[in-house]
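# Commentary on secondary and tertiary structure
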Number of protein chains: 4
Amino acid sequence: MENDTTLRRLKTIEGHLRGVIRMVEEDSYCIDVIRQIQAVDAALNKVSAQILENHLNSCVITAIKGNNAKEREKVLKEITEVFEMSTKV
Amino acid sequence: MENDTTLRRLKTIEGHLRGVIRMVEEDSYCIDVIRQIQAVDAALNKVSAQILENHLNSCVITAIKGNNAKEREKVLKEITEVFEMSTKV
Amino acid sequence: MENDTTLRRLKTIEGHLRGVIRMVEEDSYCIDVIRQIQAVDAALNKVSAQILENHLNSCVITAIKGNNAKEREKVLKEITEVFEMSTKV
Amino acid sequence: MENDTTLRRLKTIEGHLRGVIRMVEEDSYCIDVIRQIQAVDAALNKVSAQILENHLNSCVITAIKGNNAKEREKVLKEITEVFEMSTKV
């Protein structure tokens, strides 16, 4: 299942984030902490892209092939929205 | 035509960028230059989102409704790719 | 201590991320999951900025006022590096 | 002079952007246009990082070594601000 890959990755990222928290608790060098946070960020972006890919290959295909114009519009609008947001975070 | 809006926006951004070049020529304060470059960036991201929206509502719908499985796959793959790239720039 | 604020924020983000994991486990709608991941991203960026601010007001000032040219160079180089990376994640 | 490198890069980017405008005028494939816009974005980010580096090695050093506490505070605050903004565009 695709969910399994997503879940596994997210749990790895959770572990990574806990590592960052430990670094702060142990008073690690600021720049090292920032770099680890950026690594967590990059990993999260990869998961997002993977989830979007699954979404495109399931819900989006169904919506576009379906007869519900409103649903199709909603589904396409959402993709533009997450794309636009992705340029901001 | 949707292209007209895109073109107009891109030309405005070109003007903005020329303004940034002028700022550097006139030895403006570094931080002010960086802020203007970030504004150009943000404007470019908006244009990208608009182009993607047009694309979803035309080519993507056509490809998904069409019978060419390879074409459909290609079109969906591209969206994931530009999404993933958008998190990196 | 500034570390306390950073720690508290990171632990809040960890809770947020666990919420995202739960959403995936419960098979939530893909777009909702992506949006929550983007919110986690945005929160992490804020923490990074806060850590950088503390760093500038402590280590960076010390390094620049100090007599160790190599240390000063290193500290300034690092800031450019995390800045450049921040435009990529 | 450092400004020369910045200027040359910005003018190259201006040429790149004009190329993107031409692509839209010639009705190029949406995804290709988006990819070129993302390339422009990435190039702009590099210029920003370069400008910041120059800034750190001149104004910031001067401000921190100087006796004007307010100026020093302002200069450090600005770096945090452009860093935070860079995570958003």
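Quick note: structure is the one above.
The structure contained in this document is the topic of the report that follows.

The rules behind each value
Residues numbered from 1 in each chain as written. Chains lettered and ligands numbered in written order. Predicted model: local features only at pLDDT ≥ 70, side-chain atom pairs only at ≥ 80, totals over all residues. Heavy atoms only, no water. Helix = DSSP H or I, 4+ residues; strand = E, 2+ residues; numbered from the N terminus. Buried < 20%, exposed > 50% of the residue type's maximum accessible area, 1.4 Å probe, protein only. Contact = heavy atoms within 4.5 Å. Areas by Shrake-Rupley, 256 points an atom, 1.4 Å probe, with all protein chains shown as cover. Axes fitted to C-alpha atoms, helices over the stretch in contact; angles between N-to-C directions. Parallel < 35°, antiparallel > 145°, perpendicular 65-115°, else oblique. Left-handed = near helix turned anticlockwise from the far one by under 90°. Nonpolar A, V, L, I, M, F, W, Y, C, P; charged D, E, K, R; others polar. Polar contact = N/O pair within 3.5 Å; in protein donor to acceptor, adjacent residues only side chain to side chain. Least-squares fit on C-alpha atoms with pLDDT ≥ 70 in both. Expected span 1.5 Å × (residues − 1). Bend = angle between axes of the 7 residues up to and from the residue. Buried area = accessible area lost by both parts, 1.4 Å probe. Salt bridge = Lys/Arg side-chain N within 4 Å of Asp/Glu carboxyl O. Patch = residues over 30% accessible without salt bridge, like charges linked within 9 Å, V, L, I, M, F, W, Y side chains within 5 Å. Lys, Arg positive; Asp, Glu negative; His and termini not counted. Charge placed at Lys NZ, Arg CZ, Asp CG, Glu CD.

Looking only at helices and strands, one finds three helices and zero strands in chain A. Walking chain A from its N terminus toward its C terminus, one meets helices and strands in the order α-α-α. Considered along the principal axes of its C-alpha atoms, chain A spans approximately 55 × 30 × 15 Å. In chain A, buried positions account for 49% of the 89 residues. Sequence separation of at least 24 residues holds for 45% of the intrachain contacts in chain A that already meet a minimum separation of 6. In the structure as shown, chain A presents an accessible area of about 4200 Å², 49% of it carried by carbon and sulfur atoms.

Quick look at the packing of helix H2 (residues 30-65) of chain A against helix H2 (residues 30-65) of chain C now. Contact geometry for H2 of chain A and H2 of chain C: axes closest at 10 Å, N-to-C directions at 165 degrees. In terms of axis orientation, H2 of chain A runs roughly antiparallel to H2 of chain C. The two elements H2 of chain A and H2 of chain C meet at a crossing, and its hand is left-handed. For the contact of H2 of chain A with H2 of chain C, the class distribution of residues is 20 nonpolar, six polar and two charged.

Orientation of H2 of chain A relative to helix H3 (residues 69-86) of chain C, taken along the N-to-C sense of each, is 15 degrees, at an axis distance of 11 Å. What the angle tells us is that H2 of chain A and H3 of chain C run roughly parallel. Like other packed secondary-structure pairs, H2 of chain A and H3 of chain C cross with a definite hand, here left-handed. Within the contact between the two elements, H2 of chain A uses Ile31, Ile34, Arg35 and Gln38 of chain A and H3 of chain C uses Glu78, Glu81, Val82, Met85 and Ser86 of chain C. Split by residue class, the contact of H2 of chain A with H3 of chain C holds four nonpolar, two polar and three charged.

Attention now moves to the side chain of Thr87 of chain B. Mapped onto the elements, Thr87 of chain B comes out in the segment after helix H3 (69-86). Looking at Thr87 of chain B, its side chain comes within polar contact range of the main-chain oxygen of Glu84 of chain B, at 2.6 Å. Leave out the neighbours within four places in its chain, and Thr87 of chain B touches Asn45 and Ser86 of chain A together with Lys88 and Val89 of chain C.

Let us now look at the relation of the copies chain B and chain C. Laying chain B over chain C is done by rotating through 180 degrees and shifting 0.0 Å along the axis; what remains is an RMSD of 0.0 Å. Given the turn and translation reported, the copies of this chain are related as if by a two-fold rotation axis. Measuring from the rotation axis to each C-alpha of chain B, the shortest distance belongs to Lys88 of chain B, at 2.0 Å. When the interface residues of chain B are mapped onto chain C, 100% of them again fall at the interface, so both copies present the same face.

Residues spaced three or four apart along an α-helix face the same direction, because each turn holds 3.6 residues. With 36 residues, H2 of chain C ought to run about 52 Å at 1.5 Å a step, and its terminal C-alpha atoms sit 51 Å apart, in line with that. Remark: the principal bend of H2 of chain C, roughly 40 degrees, maps to Leu56 of chain C.

In this section: unusual backbone geometry. Phi at Asp27 of chain B is positive, roughly 60 degrees, even though this residue is not glycine. Position of Asp27 of chain B among the secondary structure elements: in the loop between helix H1 (2-25) and helix H2 (30-65).

With that settled, consider the interface of chain A and chain C. Between chain A and chain C, the contact holds 41 residues from the first and 41 residues from the second. Summing both sides of the interface, chain A and chain C together bury roughly 3800 Å²; the carbon and sulfur share of this comes to 70%. Taken together, the connections running from chain A to chain C amount to six salt bridges. Between Glu14 of chain A and Arg18 of chain C there is a salt bridge, and its shortest N-O distance comes to 3.5 Å.

Turning to the pattern of salt bridges, a few remarks are in order. Residues and elements named next belong to chain A. Taken as a whole, this structure holds 28 salt bridges over all chains when the rule is applied. Between Arg35 and Asp32 there is a salt bridge; the shortest N-O distance is 3.9 Å. Taken together, the residues span about one helical turn, with Arg35 and Asp32 both in helix H2 at a distance of three residues. In this structure Arg35 comes out as partly exposed when scored by relative accessible area, which is 31%. Taking relative accessible area as the criterion, Asp32 reaches 33% and is therefore assigned partly exposed.

Looking now at the interface of chain B and chain C. At the interface, six residues of chain B touch six residues of chain C. Across the chain B to chain C interface the summed buried area is about 330 Å²; carbon plus sulfur atoms make up 51%. Together, Phe83, Thr87 and Lys88 of chain B form the three largest contributors to the area buried by chain B at its contact with chain C, with a combined 68%. Taken together, chain B and chain C are joined by zero salt bridges.

Overlaying chain A with chain C gives an RMSD of 0.0 Å, the required rotation being 180 degrees about an axis along which the chain moves by 0.0 Å. A high fraction, 100%, of the interface residues of chain A reappear at the interface in chain C, so the copies pair face to face through one surface.

Taken together, the side chains of Arg8, Arg9 and Lys46 of chain A together with Lys88 of chain B make up a positively charged region of the molecular surface. Of note, Arg9 of chain A is situated in helix H1 (residues 2-25).

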